[in-house]
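Overview (structure and organization)
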Amino acid sequence: MALEIVKYGHPALRHKSAPIQEIDANLRKVVAEMFELMYAANGIGMAANQVAIPLRFFILNLSGEPEEKEEELVFINPVILNRKGTCEGDEGCLSFPGLYGPVKRSGEVIIEAFDLEGQCFEFKLSAKEDDLAVRAVQHETDHLDGVLFIDRLTEAAKRAKQPDIEEHERLFLARQAAGEIEPMDVLKRKLATWPN
Ligand code: NI
């Protein structure tokens, strides 16, 4: 079945994902498909939860340009080792089309992960040098724990955006009630018994 980006209301977005045990051809195929979906949606990053795969990895291409293949990064089993300071800026998410708001994040992080070749790598990122990068890796790592940017909006933005957030959920539930999306228990069972 072809992958698709799931929207707010889908239980995958609240699922705490499991580590990847093996990097294989199937994972490479899924990653390639995720990059295509991400570019088609004009995104710069996407976590596996967002295609209803309950595994700990995310992809990034901060240029957002499909031609810039050298900018493509895959973070497998990422861990944020160190955090320092704070930064604040607007974020959005492919699972919330049209919703943006200010989020407070750590200003500096060290992130460690494995790439598709199984090599361990580490980035030290700072908002002073690259605000987008430091923000993106925190946003995507959060996804793997079922944490969303709406949970981290500033207090004022949380209040202001609440009606929009509820509208996203209403839309999802309406599509589900119409049979366009599988029922909640089916979606949850798939996540719990992945990959079977
Ligand atoms: Ni997101």
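In short, a report on the structure. All of these numbers come straight from a predicted model, not from anything done at the bench.

What follows is about the overall build of the protein. For the protein, the count of helices and strands is four helices and five strands. When its helices and strands are written in sequence order, the protein yields α-β-β-β-β-β-α-α-α. Here the protein has a C-alpha radius of gyration of 16 Å; the compact-globule value for 196 residues is 16 Å, and the two agree. Projected onto its principal axes, the C-alpha positions of the protein cover 45 × 45 × 30 Å. The buried share of the protein, reckoned over its 196 residues, is 46%. For the protein, long-range pairs separated by at least 24 residues make up 65% of all intrachain contacts whose partners lie at least 6 apart in sequence.

Attention shifts here to the sheet that holds strand 1 (residues 45–47). Judged by pairing direction, the sheet is antiparallel, and its five strands sit side by side in the order 1-2-3-4-5 without closing on themselves. Looking at the sheet topology across the chains shown, the edges are occupied by strand 1 and strand 5 (120–126). Shown here is a sheet whose adjacent strand axes are inclined to one another by a mean of 35°, direction ignored. Judged from the 13 bridges that link them, strand 3 (residues 73–92) and strand 4 (residues 100–114) form a sheet pairing that is antiparallel. Bridge pairing in strand 4 links Asn-82 to Ile-110. The strands touched by helix 2 (residues 127–144) are strand 1, strand 2 (57–60), strand 3, strand 4 and strand 5; relative to strand 3, the strand with the most contacts, the crossing angle is about 120°.

With that settled, consider unusual backbone geometry. Across the junction of Trp-194 and Pro-195, the peptide omega takes the value 0°, indicating a cis bond. Examined against the element boundaries, Pro-195 turns out to sit in the segment after helix 4 (184–192). For Ala-52, which is not a glycine, the phi torsion comes out positive at approximately 60°. Mapped onto the elements, Ala-52 comes out in the loop between strand 1 and strand 2. The backbone of Asn-77 shows a phi angle near 45°, a positive value even though the residue is not glycine. On the secondary structure map, Asn-77 appears in strand 3.

When you line up the elements, Pro-66 lands in the loop between strand 2 and strand 3. Judged by relative accessible area, Pro-66 falls into the partly exposed class, the value being 32%. Each C-alpha atom of the pair Pro-66 and Asn-42 lies 9.7 Å from the other, and the pair is 24 residues apart in sequence.

With that settled, the discussion passes to the coordination of the nickel ion. Around a metal, the ideal angle is 109.5 degrees if four donors adopt a tetrahedral arrangement and 90 or 180 degrees if six donors adopt an octahedral arrangement. Those protein atoms acting as donors to the nickel ion are Cys-93 (SG), His-139 (NE2) and His-143 (NE2), and they sit at 2.1 to 2.3 Å. Going along the chain, you hit the donors of the nickel ion in the pattern C-x45-H-x3-H. Placement of Cys-93 in the loop between strand 3 and strand 4 and of His-143 in helix 2 is noted, with a sequence separation of 50 residues between them. With relative accessibility at 12%, the residue Cys-93 sits in the buried group. Judged by its relative accessible area of 0%, His-143 is buried.

This part covers the nonpolar core. In terms of nonpolar packing, the biggest core is built from 21 residues, with Val-31, Met-34, Met-46, Ile-53, Phe-57 and Ile-59 touching the most fellow members. For this core, the secondary-structure elements that each account for two or more residues are helix 1 (25–40), strand 2 and strand 3. Broken down by element, the residue count for this core peaks at seven residues, all from helix 1. Phe-75, Cys-87, Phe-121 and Ala-133 belong to the second largest nonpolar core, which has 17 residues in total.

What counts and what doesn't
- Within every chain, residues take consecutive numbers counted from 1 along the sequence as written.
- Two thresholds apply to this predicted model, a pLDDT of at least 70 for residue-level local features and 80 or more for giving and counting side-chain atom pairs, whereas whole-chain, interface and lining totals are computed over all residues.
- No hydrogens and no water enter the side-chain calculation; it runs on all heavy atoms of the structure.
- Secondary structure elements follow DSSP: runs of H or I no shorter than four residues count as helices, runs of E no shorter than two count as strands, and numbering proceeds from the N terminus.
- Only C-alpha atoms enter the radius of gyration; for comparison, a globular chain is expected to reach 2.2 Å times N to the power 0.38, where N is the number of residues.
- Working definition: with a 1.4 Å probe on protein chains only, accessible area under 20% of the residue-type maximum means buried, over 50% means exposed, and in between means partly exposed.
- By definition in these notes, contact holds between two residues if any of their heavy atoms fall within 4.5 Å.
- At least two DSSP bridges between two strands are required for those strands to pair.
- Interaxial angles span 0 to 180 degrees and are taken between N-to-C directions of axes, which are lines fitted to C-alpha atoms, for helices over the stretch in contact.
- Donor atoms: N, O and S within 2.8 Å of the metal, or within 3.2 Å for Na, K and Ca. Because water is excluded, sites can look incomplete.
- To define a nonpolar core, start from buried Ala, Val, Leu, Ile, Met, Phe, Trp, Tyr and Cys residues and group those joined through side-chain atoms within 4.5 Å.

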